[in-house]
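Coordinate inspection notes
One letter stands for each residue in the lines below.
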Amino acid sequence: MEIQNMGNLSKWTALFLACSTSPLLADGHAGLWNMVGLANAPSTMAMIEGTTGSIMMASSTDLWDWSAAPEGFPSLVTAECTQSVALTTNGQPVGGVGVCSMMDPDGDLAIYFGEITPDMEYIGSLTAGSGKYEPYVGQKFIGTVTGMLSTGQQMYHVVPAD
């Protein structure tokens, strides 16, 4: 298999970057609040070509608007996000995974993991956290793209899964 750098973003690439989502937890309870994210154009992108499909891999630094966060949480953070998505030979998504890692201004850490469905939904959870995030490990969310540019930049929205 050969890995190639991708210079031109396809519509699927932009959708895959929607994986860069984050759950947030409200008022110290198990509930999540809505969040808006901005995925920048990928900083790295590669494609592994196989005989029955391919795997697209992308990384970006995303900006998360946490303006609805409860007291004690920052209102704006960045996260490093990576995705791997399997495609058919026709370029249709089969599924994939994404991981976003972040450290907030207080030095608290959070890692979010999710699955990418063939319908391009990102279904995930907070899988590890320190400080204010630790009590919320396991909380689930759903992320969807709300708009995208040909450069790969896009807006996405995250809502509670339950």
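Because the structure is predicted, anything quoted here is derived from the model rather than measured.

**Overview of the nonpolar core**
In this structure, Met56, Trp64, Trp66, Met102, Tyr112 and Tyr133 are the most contacted members of the largest nonpolar core, which totals 28 residues. The element contributing the most residues to this core is strand β7 (residues 76-87), with five residues.

**Structural notes on the packing of aromatic side chains**
A ring pair, where both rings are aromatic, is described by two values, the distance of the centres and the angle of the planes. Scanning all chains against the criterion turns up five aromatic pairs. For the pair Trp64 and Tyr112, a centre-to-centre distance of 5.7 Å together with 75° between the ring planes defines the contact as edge-to-face. Placement of Trp64 in strand β6 (residues 54-65) and of Tyr112 in strand β9 (residues 109-116) is noted, with a sequence separation of 48 residues between them. In this pair, the class of Trp64 matches that of Tyr112, namely buried. Where Trp66 meets Tyr133, the ring centres are 6.2 Å apart and the plane angle is 55°; that geometry is what we call tilted. Remark: Tyr133 occurs in the loop between β10 (122-129) and β11 (140-148) and Trp66 occurs in the loop between β6 and β7; sequence separation between them is 67 residues.

**Side note on the pairing of β7**
Every second residue of β7 is oriented toward a common face, the buried set being Val77, Ala79, Cys81, Gln83, Val85 and Leu87 and the non-buried set Leu76, Thr78, Glu80, Thr82, Ser84 and Ala86. In this structure, β7 lies alongside strand β8 (residues 93-103), joined through eight bridges in antiparallel fashion. Across the sheet, Leu87 pairs through a bridge with Pro93, a residue of β8.

**Digging into the pattern of salt bridges**
Enumeration according to the criterion identifies three salt bridges in this entry. A salt bridge links Lys132 to Asp104; the nearest nitrogen and oxygen atoms lie 2.7 Å apart. With Lys132 in the loop between β10 and β11 and Asp104 in the loop between β8 and β9, this pair connects stretches of sequence that are 28 residues apart. Per residue, the accessibility class of Lys132 equals that of Asp104, and both read buried. The closest approach of N and O atoms between Asp106 and Lys132, which form a salt bridge, is 3.0 Å. Highlighted residues: Asp106 in the loop between β8 and β9 and Lys132 in the loop between β10 and β11, separated in sequence by 26 residues. The class of Asp106 is exposed, set by a relative accessible area of 56%. Residue classification places Lys132 among the buried positions, given a relative accessible area of 18%. In the salt-bridge network here, residues are joined through shared partners; they are Asp104, Asp106, Asp108 and Lys132.

Each value, and the rule that gives it
Along each chain, residue indices are assigned from 1 in the same order as the chain's sequence is written. Given that the model is predicted, a residue must reach a pLDDT of at least 70 before its local features are reported, and side-chain atom pairs must reach 80 or more before they are shown or counted; all residues, however, enter totals for whole chains, interfaces and linings. With hydrogens and water stripped out, all remaining heavy atoms of the structure feed into the side-chain values. In this description, a nonpolar core means a group of buried Ala, Val, Leu, Ile, Met, Phe, Trp, Tyr and Cys residues linked to one another through side-chain atoms lying within 4.5 Å. Throughout, exposure labels follow a simple rule: accessible area from a 1.4 Å probe, protein chains only, divided by the maximum for the residue type, with under 20% read as buried, over 50% as exposed, and the rest as partly exposed. The secondary structure listing takes helices from DSSP runs of H or I that are at least 4 residues long and strands from runs of E that are at least 2 residues long, numbered from the N terminus. For this analysis, a ring pair means two rings from Phe, Tyr or Trp (six-membered ring only for Trp) whose centres lie within 6.5 Å, classed as stacked if their planes differ by under 30 degrees, edge-to-face if by over 60, and tilted for the remaining angles. DSSP bridges decide pairing: two strands pair if at least two such bridges lie between them. Think of a salt bridge as a Lys or Arg side-chain nitrogen and an Asp or Glu carboxyl oxygen that are within 4 Å of each other.

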